[in-house]
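Summary of structural features
Okay, here's what each chain looks like letter by letter:
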Amino acid sequence: MRAVVLRSNRLTVGETPDPEPGAGELLVSVVSTAICASDVHYMDHPEAGTNDPTGRSLYDPDRDVVLGHEFVGEVLAHGPGCTGQFPVGTRVTSIPIRLVDGGAGGARIIGQHPECPGSFAEKLVIAEVIAREVPRDVDPDAAALTDAFAVGEFYVRTARIAAGEVPIVIGAGAIGLSAVAALARRGVEPIIVSDFDPGRRALARDAFGAHLLVDPAVESPFAVWRAVRAQRELWGSAVVFECAGAPGLIQRLIAEADMGTRIACAGGWYTGDTLDITAATRTGVNVQFGGGPMPEDWYGTLDAITGGALDPLPSVGAVIGLDGVPDALEQVRRSRGPARVVVHPNGAPR
């Protein structure tokens, strides 16, 4: 099959062996897959995969890795022991993990382990037990974005925003837009979004339900939050969703924050960072790091997409084939291009 292969930190697009389904696994033809910033993080920070104590990811410069972990595919074949609940031709998706020994041996991240080839390929193997059907009347590009939008759902759900609290979303890229969408589905308002890019700010408002847009080069989102709070007499805390992952950003947010601010760190850091604990203590901030999405967020987001409650497609700015993936990943690395890029490894869906 054709695939996008990483080896010794070099990407190539070419032929690689077809994956083979093991016990309880499905072999699928990839219909749609999406590019994620974590694909770039995996390439640029191999130490994270080299030293992953969980074993879920692995970077080995001497072994091929097929990238990609957000996908919809059509069932081609069943491995031994499958139940047959997904007949050949059924469209399916899954949380991007491959179970080891049916889950008894843990799990590995699809597209971030040499033994778990990813979805930037014509074919893919997934576990039947965690797969879900994607109805034919649902756009496969929309369902392929489930994983990204589940991230925002996780952080918003766990933030448990109370009456009088006003959210601030820092960054209107893929994860920031997912946080805005999750807030808007809950009827939270006003939603403040801060991003340097005017196009992304407008997308957050026009397609996903943000209310107040801030250019951080001109004003602080905290200044806007204070003005809104005073005007509406909302005396709850600020709830900040940090979705940019820029070095030093959390510290800057802590320095600007009012007492009791809660910060959910969704951006992800692969180069490490430092915090002034004394300053954080004086401000009384509550900082939450990572950990999601959980299955309830992932499958809940899929249900929202297939049921029509969530449309992630406005975030898609380009649809490409496998040959365009290396250039698209470079654009992500440079923080350029659209919020989301979708890949059709086998041509346009039929």
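One structure accompanies this document, and this report is about it. Everything quoted here is computed from the prediction, not taken from an experiment.

**A short note on the pattern of salt bridges**
What the rule picks out here adds up to 21 salt bridges. A salt bridge links Asp-323 to Arg-2; the nearest nitrogen and oxygen atoms lie 2.7 Å apart. Remark: Arg-2 occurs in strand S1 (residues 2-7) and Asp-323 occurs in the loop between strand S17 (316-320) and helix H11 (325-333); sequence separation between them is 321 residues. In this structure Asp-323 comes out as exposed when scored by relative accessible area, which is 54%. Within the structure, one salt-bridge network assembled from shared partners comprises Asp-44, Glu-330, Arg-333 and Arg-334.

**Here's the deal with unusual backbone geometry**
In this chain, Glu-189 is followed by Pro-190 through a cis amide linkage whose omega measures 0°. Tracing the sequence through the fold places Pro-190 in the loop between helix H5 (174-185) and strand S12 (192-194). Phi at Asn-9 is positive, roughly 60°, even though this residue is not glycine. Among the structural elements, Asn-9 can be located in the loop between S1 and strand S2 (10-15). The exposure class of Asn-9 is partly exposed, given its relative accessible area of 45%. Despite not being glycine, Glu-233 has its phi angle at roughly 55°, a positive value. If you trace the backbone, Glu-233 turns up in the loop between helix H7 (221-232) and strand S14 (238-242).

**Let's talk about the side chain of His-69**
Here His-69 is to be found in the loop between strand S4 (65-66) and strand S5 (71-78). Note on His-69: relative accessible area 6%, which makes it buried. Filtering out sequence-adjacent residues up to four positions away, His-69 remains in contact with Cys-36, Ser-38, Asp-39, Pro-96, Ile-110, Ser-119 and Asp-147.

Reading guide: rules and limits
- Residues numbered from 1 in each chain as written.
- Predicted model: local features only at pLDDT ≥ 70, side-chain atom pairs only at ≥ 80, totals over all residues.
- Heavy atoms only, no water.
- Salt bridge = Lys/Arg side-chain N within 4 Å of Asp/Glu carboxyl O.
- Helix = DSSP H or I, 4+ residues; strand = E, 2+ residues; numbered from the N terminus.
- Buried < 20%, exposed > 50% of the residue type's maximum accessible area, 1.4 Å probe, protein only.
- Contact = heavy atoms within 4.5 Å.

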